[in-house]
Amino acid sequence: MNRQAMQWAAALALGVFASTAAHADATLDRVKQRGKLVVGVDGASPPFGLLDPATGKVGGFQTELGRDIAQRLGVALETVPVTAATRVQFLQAGKVDLLIANIQWTQERSEILSYAPTPYNLVGGAAMVSKRSGIKRWEDLKGKVACVSQGSNFAKPLQDTYGAVVKGLRNIPESLLALKGGSCDASVHIQPALYETLHGPNGKEWDGFELATSDQLIPSPTVIWTRRNEADTRAFVDGVIRDWHKSGLLVQQAEKFGVPADYLKQAQADARSGKFDNAPPEAQSKP
């Protein structure tokens, strides 16, 4: 290779490196320049998100986690409610900078998004059923209609492992209404949300219903999601999550808002002895 060709190759490599570095830094730089971190949260979905009737805004567990990240960056926080149908598109399109929602790690999601590898929670599914249904195990859902949120990672095991007829609806409230109306035999969603439905302030409305089993469906790491190739953002958020575990902030916020904290307490003890859980490695990008 002659000198000119080598110079062109070096310039190209430098350009690729600079482009990659700029892309990796883009989110944090943009957040600091605008003075605001925009976080996608689940919306009014107790116990993780609570609607303030006075302001019409959602607060609670996820919002407080976003607020802590924003404070560490020295910026304000803006939250954007997302649904199963919109959350990936909102992140990819730049409408939000991070997703702090109940979005567990799956192979499929890890092919299109990135994430901080240290989970901030571990959550599985539960099946809410009528007390008269006779459904007591996941196996009892064979041939029965199980309502889930569109895009739920519970759909595949319900169908493939337990033989349920899966029906995707827009969100948990629609799924619960379908259960109450008799158009599905079970409403399957993250366990803490269904537990809150049964035992929270409006629990009397659901006296005729129960969780079919205490066994959670595919307990999976709940991670904070970022866009692909944003290495600095991913590393920064992961450092924050590890600090949350060590400092006890996650347990504190969970107990404040009624989020089950058994896993978080164990993760806190592990973190203080230098051990952290990790989600599975990031998958190859989906073509």
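Cut-off values and rules
Residues numbered from 1 in each chain as written. Predicted model: local features only at pLDDT ≥ 70, side-chain atom pairs only at ≥ 80, totals over all residues. Heavy atoms only, no water. Buried < 20%, exposed > 50% of the residue type's maximum accessible area, 1.4 Å probe, protein only. Helix = DSSP H or I, 4+ residues; strand = E, 2+ residues; numbered from the N terminus. Pairing = 2+ DSSP bridges. Phe/Tyr/Trp six-rings, centres within 6.5 Å; stacked < 30°, edge-to-face > 60°. Lys NZ or Arg CZ within 6 Å of the ring centre and 35° of its normal. Salt bridge = Lys/Arg side-chain N within 4 Å of Asp/Glu carboxyl O. Contact = heavy atoms within 4.5 Å. Polar contact = N/O pair within 3.5 Å; in protein donor to acceptor, adjacent residues only side chain to side chain. 1 Å grid on protein atoms, 1.4 Å probe; cavity = no way out; pocket = protein on both sides within 12 Å on 5 of 7 lines; lining within 4 Å. Points joined across faces, edges and corners; volume = space filled by probe spheres on them.

**What to know about the pairing of strand β1 (residues 36–41)**
For β1, the buried fraction is high: five of the six residues fall into the buried class. The pairing of β1 with strand β4 (residues 76–81) spans six bridges and is parallel. Across the sheet, residue V38 finds its bridge partner in β4, namely E78. Pairing analysis gives two bridges linking β1 to strand β5 (residues 98–99), with the strands arranged parallel. Within β5, the residue paired with G40 across the bridge is L99.

**A word on the packing of aromatic side chains**
Scanning the model with the defined rule gives five aromatic pairs in all. When the ring of F61 is compared with that of Y120, the centres are 6.5 Å apart and the planes differ by 35°; the resulting orientation is tilted. Placement of F61 in helix α2 (residues 61–73) and of Y120 in the loop between β6 (114–115) and β7 (121–130) is noted, with a sequence separation of 59 residues between them. This pair shows no difference in class: F61 is buried, exactly as Y120 is. Among the aromatic residues, those joined into a cluster by ring pairs are F48, F61 and Y120. Across the ring face of W206, the terminal group of K180 is positioned such that the distance to the ring centre comes to 4.0 Å.

**Re the pattern of salt bridges**
Applying the stated criterion to the full structure yields 14 salt bridges. Between R34 and D97 there is a salt bridge, with the nearest N and O atoms lying 2.8 Å from each other. Linking R34 in helix α1 (residues 3–34) with D97 in the loop between α3 (87–92) and β5, this pair joins segments that are 63 residues apart in sequence. Using a relative accessible area of 1% as the deciding quantity, one classes D97 as buried.

**Details of helix α7 (residues 191–199)**
Within α7 the residues assigned to the buried category are Q191, P192, A193, L194, T197 and L198. Where the residues of α7 are buried, they touch β7, α6 (172–181), β10 (186–190) and β11 (209–211).

**Here's the deal with the side chain of R228**
Within the secondary structure layout, R228 lies in the loop between β13 (225–226) and α8 (231–247). What makes R228 buried here is its relative accessible area of 14%. Side-chain polar atoms of R228 contact the backbone oxygen of L113, separated by 3.4 Å.

**Concerning empty space enclosed by the protein**
Under the defined criterion, the tally for this structure stands at one cavity of 30 Å³ or more. Here the largest cavity defines a volume of roughly 30 Å³. Residue lining of the largest cavity: T27, L28, V31, L37, I69, L73, D97, L98, T233 and V237, and that is the complete set. For the lining of the largest cavity, the secondary structure elements donating two or more residues are α1, α2 and α8. Looking at the lining of the largest cavity, the element that brings in the most residues is α1, giving three residues.

Read these as spatial facts, not as claims about activity.
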